[in-house]
Amino acid sequence: MDQNITLTVNGVAHQLEVPARRLLVDCLRYDLGLTGTKEGCSVGVCGACTVLVNGNMTASCLTLAVAADGAEITTIEGLAYEGRLHPIQQAFVDYGGFQCGICTPGQIMAAKALLDVNPIPTEQEIREWMMGNLCRCTGYYKILESIVAAIGPTQAQEGAGEVNR
Amino acid sequence: MIDFQFHNPTSLDEVFSLLDTYGDDARMMAGGTALVIQMKQRLVLPEHVINLRRVPGFAEIRQTSNGSGGLTIGALCTQQEVATSPLVEQTIPIVAQTYRHVATPRIRHMATVGGGLVHGDPSQDPPPTLITLGATVTLVSANGQREVALSDFLLDYYETDVRPGEVLTQVSIPAVPSGAGAAYLKFLPRTADDYPTVAAAAVVTPGEGNVCQDVRLALGAVGTTAIHATDAEDALRGQPLTENNIRAAAALVKDLVDPLDDYRGSADYKRDMSEVFARRAIQSALTNAS
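A quick note: this is a predicted structure, and the numbers were derived from the prediction, not measured.

Side note on the overall build of chain B
Reasoning step 1: When helices and strands are tallied, chain B shows 12 helices and 14 strands.
Reasoning step 2: On C-alpha atoms alone, chain B measures out to a radius of gyration of 19 Å, which is about the 19 Å that the 2.2 N^0.38 rule sets for 290 residues.
Reasoning step 3: Along the first, second and third principal axes, the C-alpha set of chain B runs to 60 × 45 × 30 Å.
Reasoning step 4: When contacts within chain B are restricted to residue pairs at least 6 apart in sequence, those whose partners lie at least 24 apart make up 64%.

Structural data, given as structure tokens:
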């Protein structure tokens, strides 16, 4: 049963008419054409579909679009600003935080959610926070190093610093 | 997913009225982490979904007003809020610690405390800890409200004592008794975000001369609900807290559990591990006692 909703995605308000069963991930990808958000496991385990809903990291594969009515949503497309990558994105490029790329939007959105609430996390805090974002390529160290790098060199000394292998 | 009608009530009265109108055709949804998966898998096919997230007043963590030092947690609090709440950490730290074991931070940001409890999955982390603390849930309907001990509320596999027209609004958790220690152990041989193979929670109050003044013990993931191991408690209560007595009490849980064979272990293995983790939980709780 279709319902009218408003989603503000990356700062742009969209009026949509969607069936109640429409998942947020499908709404983003198919109704709004924002295919940066990926769907992996479809049961909330892998983290590929992570987006921010009112600032909270959320599995868009388990979220009904109608339940997000009125929400502010940030996807991977909303991070770069005026042609410049977000510092977390740049760190993933610089530190090889991705290979095939399918998990990367979710990894970066989860990392953003962490740094938004905890700007200088310790390595252990990063590991615990990121445990729900699976990657089959990198072996995780490069992801960890990318996030540490995104904290910034000065802060990293107070926080995670060198990554322990 | 089969389509359905989605309702956004903004008061409990509206929820009651929707429940009255749609009865068994309706399901309530809070975080949706369990229900959406069940709907995707067509295990649950509601014609109406009642969204509770816009009902105000049930998302607060506060100290219980009777001055007992306990906590009252609104059903719509996310599990992450409980896991990271300074108030919970200061008041009943074992509750925050237990919620930090649930799934992953992302799921904890979505899943609510009340939603988790009414879901009634026997493998969840919070129920064993909440049972050992003597937690109760409040169920409200158009006709009034009642309070039920969590150990009585969990009836069977995915079955709880929510009656037609009722909404779980809060969980009340008494403080850990003075001098007692608490522990929650999650045996997790696979991945960190998995359900436990076996989980055990204990609260131990040592008394004069190292005699066990009181003990509470509950197990998760080894039966159709979280199991309150009263037989083991009775065996230890009043006895000296010696290694042998703790072992003997923990051994009794093997007769109380009824685990399933699955990829987390065989039923026999889980039964053996139930005893091991019951013993370790009692010992950890004793170590944590001040």
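A closer look at the overall build of chain A
Reasoning step 1: When you go through chain A residue by residue, the secondary structure sums to 6 helices and 5 strands.
Reasoning step 2: Going from the N terminus to the C terminus, chain A shows its helices and strands as β-β-α-β-β-β-α-α-α-α-α.
Reasoning step 3: Since a compact globule built from 165 residues should have a radius of gyration of about 15 Å, the 16 Å found for chain A is in line with a globular shape.
Reasoning step 4: Dimensions of chain A, computed from C-alpha atoms along their principal axes, come out at roughly 50 × 30 × 25 Å.
Reasoning step 5: Sorting the 165 residues of chain A into buried and exposed places 48% on the buried side.

A word on the interface of chain A and chain B
Reasoning step 1: Contacts between chain A and chain B engage 24 residues on the former and 21 residues on the latter.
Reasoning step 2: At 4 residues, the largest contribution of residues to the side of chain A that touches chain B is made by strand E4 (residues 56–59) of chain A.

Let's talk about the nonpolar core
Reasoning step 1: Grouped together as the largest cluster of nonpolar side chains are 141 residues, with contacts concentrated most on Ala200, Ala202, Leu219, Ala278, Ala281 and Ile282 of chain B.
Reasoning step 2: Contact partners of Ala278 of chain B, with chain neighbours within four places excluded, come to Ala200, Leu217, Leu219, Ala229, Ala232, Ala250 and Val253 of chain B.

Details of helix H2 (residues 87–94) of chain A
Residue and element names in this part refer to chain A.
Reasoning step 1: Regarding H2, the residues found buried are Ile88, Gln89, Ala91 and Phe92. Buried residues of H2 fall within an arc of 160 degrees about the axis and therefore sit on the same side.
Reasoning step 2: Where H2 is buried, its residues touch helix H3 (104–117) and helix H5 (141–151).
Reasoning step 3: Two residues or fewer after H2 comes Gly96, characterised by a positive phi angle close to 65 degrees.

Here we look at the packing of H2 of chain A against H5 of chain A
Residues and elements named next belong to chain A.
Reasoning step 1: Between H2 and H5, the shortest axis-to-axis distance is 8 Å and the interhelical angle comes to 135 degrees. For the element pair H2 / H5, the angle class is oblique. Of the two elements, H2 crosses H5, and the hand of that crossing is right-handed. Touching Pro87, Ile88, Ala91, Phe92 and Asp94 of H2 are Ser146, Ala149 and Ala150, all from H5.
Reasoning step 2: Here the contact of H2 with H5 is built from residues that sort into 6 nonpolar, 1 polar and 1 charged.

Observations regarding the packing of H2 of chain A against H3 of chain A
All names here are of chain A.
Reasoning step 1: Interaxial distance between H2 and H3 falls to 10 Å at its minimum, and their mutual angle equals 130 degrees. One element, H2, and the other, H3, form an angle in the oblique class. Pair H2 / H3 crosses with right-handed handedness. For the pair H2 and H3, contact is made by Ile88, Gln89 and Phe92 and by Thr104, Ile108, Ala111 and Lys112, respectively.

A few points about the sheet that holds strand E2 (residues 12–19) of chain A
All names here are of chain A.
Reasoning step 1: A sheet is described by the order of its strands in space; here 5 strands give the open sequence E2-E1-E5-E3-E4, paired in mixed fashion. If you trace the sheet from one side to the other, it starts and ends with E2 and E4, each paired once. Direction aside, the axes of adjacent strands within the sheet are offset by 40 degrees on average.
Reasoning step 2: The pairing of strand E3 (residues 50–53) with strand E5 (residues 72–74) spans 2 bridges and is classified as antiparallel. Note on E5: the bridge partner recorded for Leu52 is Thr74.
Reasoning step 3: Strands in contact with H3 are E3 and E4; relative to E3, the strand with the most contacts, it is inclined by about 35 degrees.

Digging into H3 of chain A
Reasoning step 1: With 14 residues, H3 of chain A ought to run about 20 Å at 1.5 Å a step, and its terminal C-alpha atoms sit 20 Å apart, in line with that.
Reasoning step 2: Restricting attention to buried positions, one finds in H3 of chain A the residues Thr104, Pro105, Gly106, Gln107, Ile108, Met109, Ala110, Ala111, Lys112, Ala113, Leu114 and Leu115 of chain A.
Reasoning step 3: Buried residues in H3 of chain A make contact with E3, E4, H2, helix H4 (123–129) and H5 of chain A together with helix H6 (105–110) of chain B.

Let's talk about unusual backbone geometry
Reasoning step 1: For Glu82 of chain A, which is not glycine, the phi torsion reads 50 degrees and is therefore positive.
Reasoning step 2: Located in the positive-phi region is Ala103 of chain B, a residue other than glycine, with phi close to 40 degrees.
Reasoning step 3: Of note, Ala103 of chain B is situated in the loop between helix H5 (93–99) and H6.

Some points on the pairing of strand E12 (residues 198–206) of chain B
Within a regular strand, side chains alternate between the sheet's two faces.
Residue and element names in this part refer to chain B.
Reasoning step 1: The element E12 is extensively covered by neighbouring structure, given that 9 of its 9 residues are classed as buried.
Reasoning step 2: The alternating pattern of E12 places Val198, Ala200, Ala202, Val204 and Pro206 on one face and Ala199, Ala201, Val203 and Thr205 on the opposite face, and all of these are buried.
Reasoning step 3: As defined by bridge partners, E12 adjoins strand E13 (residues 212–220) across 8 bridges and the pair is classed as antiparallel. Within the sheet, the bridge partner assigned to Ala200 lies in E13 and is Leu219.

Comments concerning the sheet that holds strand E11 (residues 181–187) of chain B
Residue and element names in this part refer to chain B.
Reasoning step 1: Spatial ordering of the open sheet is given by E11-E12-E13-E14, a layout of 4 strands whose pairing is antiparallel. The sheet is open, and its two borders are formed by E11 and strand E14 (227–228), each paired with just one other strand.
Reasoning step 2: When E11 meets E12, the two strands line up antiparallel, connected through 7 bridges. Bridge pairing links Phe187 to Val198 in E12.

Here we look at the environment of Glu89 of chain B
Reasoning step 1: Relative to the helices and strands, Glu89 of chain B resides in helix H4 (residues 86–91).
Reasoning step 2: Sequence separation between Glu89 of chain B and Arg100 of chain B is 11 residues; the distance between their C-alpha atoms is 11 Å.

The rules behind the values
Every chain is numbered independently, its residues counted from 1 as its sequence is written. Here chains are named by letter from A upward and ligands by number from 1 upward, in the order in which they appear as written. Since the coordinates come from a predicted model, pLDDT governs what is reported: local features require at least 70, and pairs of side-chain atoms require 80 or more to be given and counted, while whole-chain, interface and lining totals use all residues. Secondary structure elements follow DSSP: runs of H or I no shorter than four residues count as helices, runs of E no shorter than two count as strands, and numbering proceeds from the N terminus. To get the radius of gyration, use the C-alpha atoms; to get the globule rule, take the number of residues to the power 0.38 and multiply by 2.2 Å. Note that contacts rest on C-beta atoms placed from the backbone: two residues are in contact if these are within 7 Å. To sort residues by burial, count the other C-beta atoms lying within 10 Å of each one's C-beta; a count of 20 or more means buried, 12 or fewer means exposed, and anything in between means partly exposed. C-beta atoms are built from the backbone. A set of buried Ala, Val, Leu, Ile, Met, Phe, Trp, Tyr and Cys residues, joined through C-beta atoms within 7 Å, is what we mean by a nonpolar core. It is the directions from the helix axis to the C-beta atoms whose arc is reported. Between N-to-C directions, angles span 0 to 180 degrees; the directions come from axes that are lines fitted to C-alpha atoms, helices contributing only their stretch in contact. Oblique is the label for any angle not covered by the other classes, which are roughly parallel (under 35 degrees), roughly antiparallel (over 145) and roughly perpendicular (65 to 115). Crossing chirality is assigned from the near helix's rotation relative to the far helix, an anticlockwise turn below a right angle marking it left-handed and a clockwise turn marking it right-handed. Under the grouping applied here, Gly and all other residues not named as nonpolar or charged are polar, the nonpolar ones being Ala, Val, Leu, Ile, Met, Phe, Trp, Tyr, Cys and Pro and the charged ones Asp, Glu, Lys and Arg. DSSP bridges decide pairing: two strands pair if at least two such bridges lie between them. A helix is expected to span 1.5 Å for every residue after the first.

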